[in-house]
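Chains, contacts and geometry: an overview
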Amino acid sequence: MTAPLFFADAEKLRASGVGDVVVLDGDEGRHAARVRRLTVGEKLDLSDGAGLVFSGEVAEVVGSALRVRLLDRFQVPQSRPTLTVVQALAKGDRDELAVETMTEVGVDRIVPWQASRSIVRWDPARAARGVARFRATAKEAAKQARRARIPEVADPETTEQIVRRLRAASALGVVLHEEATHSLTRLDPAGVAEIVLIVGPEGGITRDELARFEAAGAGTYRLGPTVLRTSTAGTVAAAVVSAATGRWNSVSSPLA
């Protein structure tokens, strides 16, 4: 059984070295001490959420916190090309489910998108709550998946902002669309620094939105013979792209 992963205070962890003893407290310390019930001598990994990882062992349990002795330090590299998913807002908890599963498969950045046909509408107050919820979901999913890099969850973007993102010289835009004639498995990502996947809402992407994305250089692709829900399309597409680009070529992880 592999050691559990927890996210420690990033600034303090980055200033630490092998042999130091650091305190894991707050929600993470409570989870480790009260839920996982780790005891003295048990192994665990601590991360700053941006790729830095220390392996360590519990030196002392102090209430709802742990004192952890750091045993080894390593850096998990950023996968290339980076993978951004523009996720249209969806009803219920479908977009939150999308954030969770996209984190598990390794997406680097998630951009909430208020599409024309999104049933859910975010005003500024609701947007702040929604982004906070997405970020908390991404962090918990990264911990469960033993992923040392928590994906960035951006502030919500408009269609015009997405168009500007697609026009970036290093970005390859991919719009998932059920009427596309090209299969995503035939995508040629050679030489690109970033892939931007766009996932529409329950009602689909409008003709105007599609035209604007295509004018910005994006291509339209379909995943297969069936139409996936907005909550699963991004995750499946991210898996296909990760396999095609070699992001998944490494069969071992320093966290294994």
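Now for a look at the structure at hand. (Residues numbered from 1 in each chain as written. Predicted model: local features only at pLDDT ≥ 70, side-chain atom pairs only at ≥ 80, totals over all residues. Heavy atoms only, no water.)

1. Some points on the packing of helix 3 (residues 94–105) against helix 7 (residues 230–245)
Following both chains from N to C, one finds helix 3 and helix 7 inclined at 15°, their axes separated by 7 Å at the closest point. Regarding the angle of helix 3 to helix 7, the classification is roughly parallel. The handedness of the crossing between helix 3 and helix 7 comes out as right-handed. Between helix 3 and helix 7, the contacting residues are Arg94, Leu97, Ala98, Thr101, Met102 and Val105 on the first element and Thr230, Ser231, Gly234, Thr235, Ala238 and Ser242 on the second. Each residue belonging to the contact of helix 3 with helix 7 can be placed in one class, and the counts come to five nonpolar, six polar and one charged. (Axes fitted to C-alpha atoms, helices over the stretch in contact; angles between N-to-C directions. Helix = DSSP H or I, 4+ residues; strand = E, 2+ residues; numbered from the N terminus. Parallel < 35°, antiparallel > 145°, perpendicular 65-115°, else oblique. Left-handed = near helix turned anticlockwise from the far one by under 90°. Contact = heavy atoms within 4.5 Å. Nonpolar A, V, L, I, M, F, W, Y, C, P; charged D, E, K, R; others polar.)

2. What to know about the sheet that holds strand 11 (residues 219–221)
Judged by pairing direction, the sheet is parallel, and its six strands sit side by side in the order 8-7-6-10-9-11 without closing on themselves. Each of the sheet's edge strands pairs with one partner strand only, and the pair in question is strand 8 (152–153) and strand 11. Pairing analysis gives two bridges linking strand 7 (residues 109–113) to strand 8, with the strands arranged parallel. Across the sheet, residue arginine 109 finds its bridge partner in strand 8, namely glutamate 152. Across the face of the sheet, helix 3 comes into contact with strand 6 (82–88) and strand 7 while running at roughly 170° to strand 6. Contacting strand 6, strand 9 (171–176) and strand 10 (194–199), helix 7 runs over the sheet at an angle of about 155° to strand 10. (Pairing = 2+ DSSP bridges.)

3. A word on the nonpolar core
Where a protein is soluble and globular, its nonpolar side chains tend to be buried together. Core analysis: the largest hydrophobic core is formed by 29 residues, its most contacted members being Val107, Val174, Leu184 and Leu197. Going through the elements one at a time, strand 6, helix 3, helix 4 (124–144), strand 9, strand 10 and helix 7 are the ones with two or more residues in this core. Ala88, Ala115, Leu166 and Leu210 belong to the second largest nonpolar core, which has 18 residues in total. (Core = buried A, V, L, I, M, F, W, Y, C linked by side-chain atoms within 4.5 Å. Buried < 20%, exposed > 50% of the residue type's maximum accessible area, 1.4 Å probe, protein only.)

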